[in-house]
Amino acid sequence: MKEGNDHMRPLMVSEVNGYIKKLFAGDILLTYLQIEGEISNFTHHYSGHMYFSLKDDKSRIKCVMFKNDNEAIDFKPKDGMRVVISGHVSVYEKDGSYQVYVRKMEKQGLGDLYRAFEELKKKLAEEGLFDQERKAPLPRIPKKIGVVTSSTGAAIRDITSILKRRYPAVNMLLYPALVQGDGAPRDIIKALKYLDSREDIDVIIVGRGGGSFEELGAFNDEALARCIADLVTPVISAVGHETDFTIADFVADVRAATPSAAAELSVPDRRTLLDEVSSIGSSVLGEMEKRISREYDKLDGLMKRLSYSSPYRSLSDKQMELDGIFRQLEHSMFRRFSGYRERLAGYDARLKLSDPGLPLEKGYGIVTDPDGRIIRSIEGIRLKDVISVRLKDGSLKARVEEVFEEAKDEN
Amino acid sequence: MKIKDMNYEEGYERIQELLQELEGGELKLQESVEKFKEAMDIYEHLRGLLTKAEGEVKQVLERDGSLQEEDFPGQGQEGIDESY
């Protein structure tokens, strides 16, 4: 019952696992291999690493793909997806299990279609159709946007709703087209050429919602790619989802990840523009206020210098000019900048007060309405109106109790 | 150009010009009031453009061999196919 190797001491578990690991590492096949199969038990760990199994109908193998490597995958792996992975097989000593350490992962099974795509992409790239210098810049604020997509798809619905939200003033012209099937490329080309020929279209969005690689096939058509490259009007491609890339995307002036994103790229957010216009409006207002304030100071200075001679006539010309201007400003201006009218009324009142023809010192008073406008006549005054009276050392608020009209015998 | 015909960029550019003239300080008072009024009229117009204006949404349709523009029935239409 004794076996031939029982003279050896028993090995530690870790020694066995270490030994197997060395065996694996020495095997030429296991150090680099490609495996095709279906993903199952996929988890994307919060550490960034991916853990899953690859299976066929008889067997499965554990796989791990570290963060550094899986960042390069241009699609979202999920259970049931058929992929080709490459990497090496090694032993995880702690568990005594072996697994594939995956370095690369590609979608599998698209076969001819995918190869044709890669070949066309390479050909057009070599011709320079994707070159950055060919790309036209988008207009900042287009007046009219041309759209080529299905009139019944989610894409046009997304585009219209985003345009309405972001920049409702923009016009949109849809040219409905088939977006999948054999007739689709021809249909899309006809629509693009028509919109490009129109003078009033500033930018064109062409695309559709997400679909399988086959369903997006129209956008991998060579004739369509060449048509897009020839268009004068800037083109935004908007095909499928984030992770779908088509030939149309490479050749368009701008690639948008989705139809919604295309709509967002095509117009500015009106809130940004509202901020911009409010800001310049305030600057204009501020300039005008500075100007008025300067005029006031000039007038004030003149009055101080001249108040003991006889300035009345020449100054009153200036005063009348300013009066007129205040009235114009008040009439023309605007509800939006709150407080503006009040400030204006304040200047007006200060001007009036600085008039040397009204010697407050001698006991005269200036009567104004609640807006600071000087009341010169009983015309328009009604009982119970509130008025302010400015005296030499302060002012008071009063209510009108009675109004008497005077006989017109003064000059 | 009439203010009501200005698009956003044209209007904004004109306000910038007016602002520069106002800042230049070489205008007579009455002139500066005119410039100010113009700037504010454009300001109102641009705000209207951003807050009230609604662009048209149309589609090109082929009818009897010629292309025609019609209103595109916007939201809430029947028959949206989510797969597109």
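Numbers given to residues run from 1 along each chain, matching the order in which its sequence is written. Lettering of chains starts at A and numbering of ligands starts at 1, both following the order in which they are written. This being a predicted model, a pLDDT of at least 70 is required before a residue's local features are given, and a value of 80 or more before pairs of side-chain atoms are given or counted; all residues contribute to the totals for chains, interfaces and linings. Note that water and hydrogens are dropped before the side-chain values are worked out from all heavy atoms of the structure.

### A word on the overall build of chain A
At step 1: Only DSSP runs of H or I reaching four residues or more are called helices, and only runs of E reaching two or more are called strands; each is numbered from the N terminus. Scanning chain A from N- to C-terminus turns up 12 helices and 13 strands.
At step 2: Across the 411 residues that make up chain A, the buried fraction comes to 43%.
At step 3: Between two residues, a contact is recorded if the distance between any of their heavy atoms is within 4.5 Å. A sequence separation of at least 24 residues applies to 60% of the contacts in chain A between residues at least 6 apart.
At step 4: Surface exposure of chain A reaches about 24000 Å², of which carbon and sulfur atoms provide 51%. Each residue is assigned to one of three classes by its accessible area relative to the maximum for its type, calculated with a 1.4 Å probe on protein chains only: buried under 20%, partly exposed between the two thresholds, exposed over 50%. The Shrake-Rupley method, run with a 1.4 Å probe, gives the accessible areas here. Residue values count only the displayed protein chains as cover.

### Some points on the sheet that holds strand β2 (residues 66-71) of chain B
At step 1: Paired strands are those between which DSSP finds at least two bridges. The mixed open sheet is built from 7 strands, whose spatial order is β10(A)-β9(A)-β8(A)-β6(A)-β7(A)-β1(B)-β2(B). The open sheet has two edge strands, β10 (254-256) of chain A together with β2 of chain B, and neither has a second partner. Strand-to-strand twist in this sheet, taken as the mean axis angle between neighbours without regard to direction, amounts to 25 degrees.
At step 2: Sheet topology note: the strand β9 (residues 235-239) of chain A/β10(A) ladder contains 3 bridges and is parallel. Opposite A:Ala238, over in β10(A), you have A:Ala256 as the bridge partner. Fitting a line to C-alpha atoms yields each axis, with helices limited to the stretch in contact; the angle taken between N-to-C directions then spans 0 to 180 degrees.

### Here's the deal with the nonpolar core
At step 1: Ranked by internal contacts, the top residues of the largest apolar core, which has 51 residues, are A:Tyr167 and B:Tyr8.
At step 2: Residues belong to one nonpolar core when they are buried, are Ala, Val, Leu, Ile, Met, Phe, Trp, Tyr or Cys, and are joined through side-chain atoms within 4.5 Å. Among the nonpolar cores identified, the runner-up in size contains 36 residues, and A:Phe130, A:Ile204, A:Ala218 and A:Val251 belong to it.

### Looking at the sheet that holds strand β11 (residues 366-368) of chain A
All names here are of chain A.
At step 1: Spatial strand order, β11-β12-β13: 3 strands in an open sheet with antiparallel pairing. Strand pairing shows two members of the sheet lacking a second neighbour, β11 and β13 (394-399), which therefore form its edges. Going across the sheet, the axis of each strand differs from the next one's by a mean of 25 degrees, ignoring polarity.
At step 2: Two strands pair when backbone bridges link them, and strand β12 (residues 386-391) and β13 are joined in this way by 6 bridges, in the antiparallel orientation. What sits directly across from Ile387, in β13, is Ala398.

### Notes on the packing of helix α6 (residues 184-197) of chain A against helix α7 (residues 222-230) of chain A
Residue and element names in this part refer to chain A.
At step 1: The interhelical angle for the contact between α6 and α7, taken along N-to-C directions, is 10 degrees, at an axis separation of 10 Å. The pairing of α6 with α7 is recorded here as roughly parallel in orientation. Two secondary-structure elements touch here, α6 through Ile188, Ile189, Leu192 and Lys193 and α7 through Ala223, Leu224, Cys227 and Ile228.
At step 2: Note on residue categories: nonpolar means Ala, Val, Leu, Ile, Met, Phe, Trp, Tyr, Cys or Pro, charged means Asp, Glu, Lys or Arg, and polar means any other residue, Gly included. Looking at side-chain class alone, the contact of α6 with α7 contains 7 nonpolar, no polar and 1 charged residues. Should an angle fall under 35 degrees it is called roughly parallel, over 145 degrees roughly antiparallel, and 65 to 115 degrees roughly perpendicular, with every other angle called oblique.

### Some points on a negative patch on the surface
At step 1: Patches here: salt-bridge-free residues with over 30% relative accessible area, like charges joined within 9 Å, nonpolar side chains (Val, Leu, Ile, Met, Phe, Trp, Tyr) joined within 5 Å. Think of a salt bridge as a Lys or Arg side-chain nitrogen and an Asp or Glu carboxyl oxygen that are within 4 Å of each other. The charged-residue count follows a simple rule in which Lys and Arg add positive charge and Asp and Glu add negative charge, with His and chain termini not counted at all. The location of each charge is read from NZ of Lys, CZ of Arg, CG of Asp or CD of Glu. Together, A:Asp74, A:Glu106, A:Glu118 and A:Glu119 make up a region of like negative charge exposed at the surface.
At step 2: For A:Asp74, the location among the structural elements is in the loop between α3 (67-70) and β4 (82-92).

### Structural notes on the interface of chain A and chain B
Interface size is commonly expressed as the accessible surface area that is lost when the partners come together.
At step 1: The interface of chain A with chain B comprises 60 residues on the first partner and 49 residues on the second.
At step 2: Each partner contributes to the roughly 4900 Å² buried at the junction of chain A and chain B, and carbon and sulfur atoms together form 61% of this total.
At step 3: Note that A:Lys190 is salt-bridged to B:Glu62, the shortest N-O span being 3.2 Å.
At step 4: We define a polar contact as two N or O atoms separated by no more than 3.5 Å, with the added condition that, inside protein, one atom must be a possible hydrogen donor and the other a possible acceptor, whereas residues neighbouring each other in sequence contribute only through side-chain atom pairs. At the junction of chain A with chain B, the criterion picks out 13 residue pairs in polar contact (both at pLDDT 80 or more).
At step 5: Put simply, the parts of the chain that give the side of chain A that touches chain B at least two residues each are α5 (154-166), β7 (171-176), α6, α10 (270-306) and α11 (312-332) of chain A.
At step 6: It is α10(A) that provides the largest number of residues to the side of chain A that touches chain B, a total of 15 residues.
At step 7: Class assignment of the residues belonging to the side of chain A that touches chain B gives a composition of 29 nonpolar, 15 polar and 16 charged.
At step 8: As defined by bridge partners, β7(A) adjoins strand β1 (residues 57-63) of chain B across 3 bridges and the pair is classed as parallel. Accessible-area loss on putting two parts together, using a 1.4 Å probe and summing over both, is the definition of buried area adopted here.

### Concerning helix α9 (residues 259-266) of chain A
All names here are of chain A.
At step 1: Burial in α9 covers these residues: Pro259, Ala262, Ala263 and Ser266. In a view along the axis of α9, the buried residues occupy a sector of 100 degrees, so they form one face of it.
At step 2: Among the structural elements, β6 (144-149), α5, β8 (203-208), β9 and β10 are those in contact with the buried residues of α9. Relevant arc is that of directions from the helix axis to the C-beta atoms, nothing else.

### What to know about the confidence of the model for chain B
Segments scoring low in pLDDT should not have their predicted coordinates read at a detailed level.
All names here are of chain B.
At step 1: Each residue carries a pLDDT value, the predictor's own confidence for that position, ranging from 0 to 100. Here chain B averages 83 in pLDDT, and 87% of its residues register 70 or above.
At step 2: When pLDDT is averaged over each element of chain B, helix α1 (residues 8-24) comes out on top at 93 and helix α2 (residues 29-51) at the bottom at 88.
At step 3: Across residues 75-84, confidence stays below pLDDT 50; counting only partners more than four residues off in sequence or on other chains, it has 25 contacts.
At step 4: This complex was scored by the predictor with a pTM of 0.60 and an ipTM of 0.82.

### Re the packing of aromatic side chains
Residues and elements named next belong to chain A.
At step 1: To pair, rings of Phe, Tyr and Trp, with the six-membered ring standing in for Trp, must have centres within 6.5 Å; the planes then decide the type, stacked if under 30 degrees apart, edge-to-face if over 60, and tilted in the middle. Enumeration according to the criterion identifies 7 aromatic pairs over all chains in this entry.
At step 2: Every member of this aromatic cluster is reached through a ring pair, and the members are Phe130, Phe245 and Phe250.
At step 3: Charge-over-ring contacts are defined here by two conditions on Lys NZ or Arg CZ: a distance within 6 Å of the ring centre and an angle within 35 degrees of the ring normal. Just above the ring of Phe245 sits the side chain of Arg255; from NZ or CZ to the centre is 3.8 Å.

### Overview of a nonpolar patch on the surface
At step 1: Together, A:Ile378, A:Leu383 and A:Val403 make up a nonpolar patch on the protein surface, roughly 250 Å² of accessible area in all.
At step 2: The topology assignment puts A:Leu383 in the loop between β11 and β12.

### Some details on the environment of A:Thr368
Residue and element names in this part refer to chain A.
At step 1: Here Thr368 shows up in strand β11.
At step 2: Residue class for Thr368 comes out buried when judged on its relative accessible area of 14%.
At step 3: In contact with Thr368, not counting residues within four places along its chain, are Arg373, Ile374, Ile375, Ile387 and Ser388.

### With respect to the environment of A:Gly363
At step 1: As for its position among the elements, A:Gly363 is in the loop between α12 (340-353) and β11.
At step 2: Measuring from C-alpha to C-alpha, the distance between A:Gly363 and A:Lys392 comes to 7.3 Å, with 29 residues separating the pair along the chain.

### Focus: the side chain of A:Ser90
Residues and elements named next belong to chain A.
At step 1: Structurally, the position occupied by Ser90 is in strand β4.
At step 2: Classification of Ser90 by relative accessible area gives buried; the value is 11%.
At step 3: Look past the residues within four positions of Ser90 in its chain and what remains in contact with it is Lys21, Phe24, Ser97, Tyr98, Gln99 and Tyr101.

### Re the pairing of β9(A)
Residues and elements named next belong to chain A.
At step 1: Counted residue by residue, β9 has 5 buried out of 5 residues, so it is predominantly covered.
At step 2: Judged by which residues are buried, β9 turns out to be covered on both faces: Val235, Ser237 and Val239 on one side and Ile236 and Ala238 on the other are all buried.
At step 3: Strand direction decides the pairing type here: β8 and β9, joined by 5 bridges, are parallel. In the strand pairing of β9, Ile204 is matched with Val235.
At step 4: Here the term right-handed applies to a crossover when the path leading from its first strand over the helix to its second strand runs clockwise, the strands being oriented away from the viewer. Regarding the hand of the β-α-β motif, the stretch spanning β8, α7 and β9 is right-handed.

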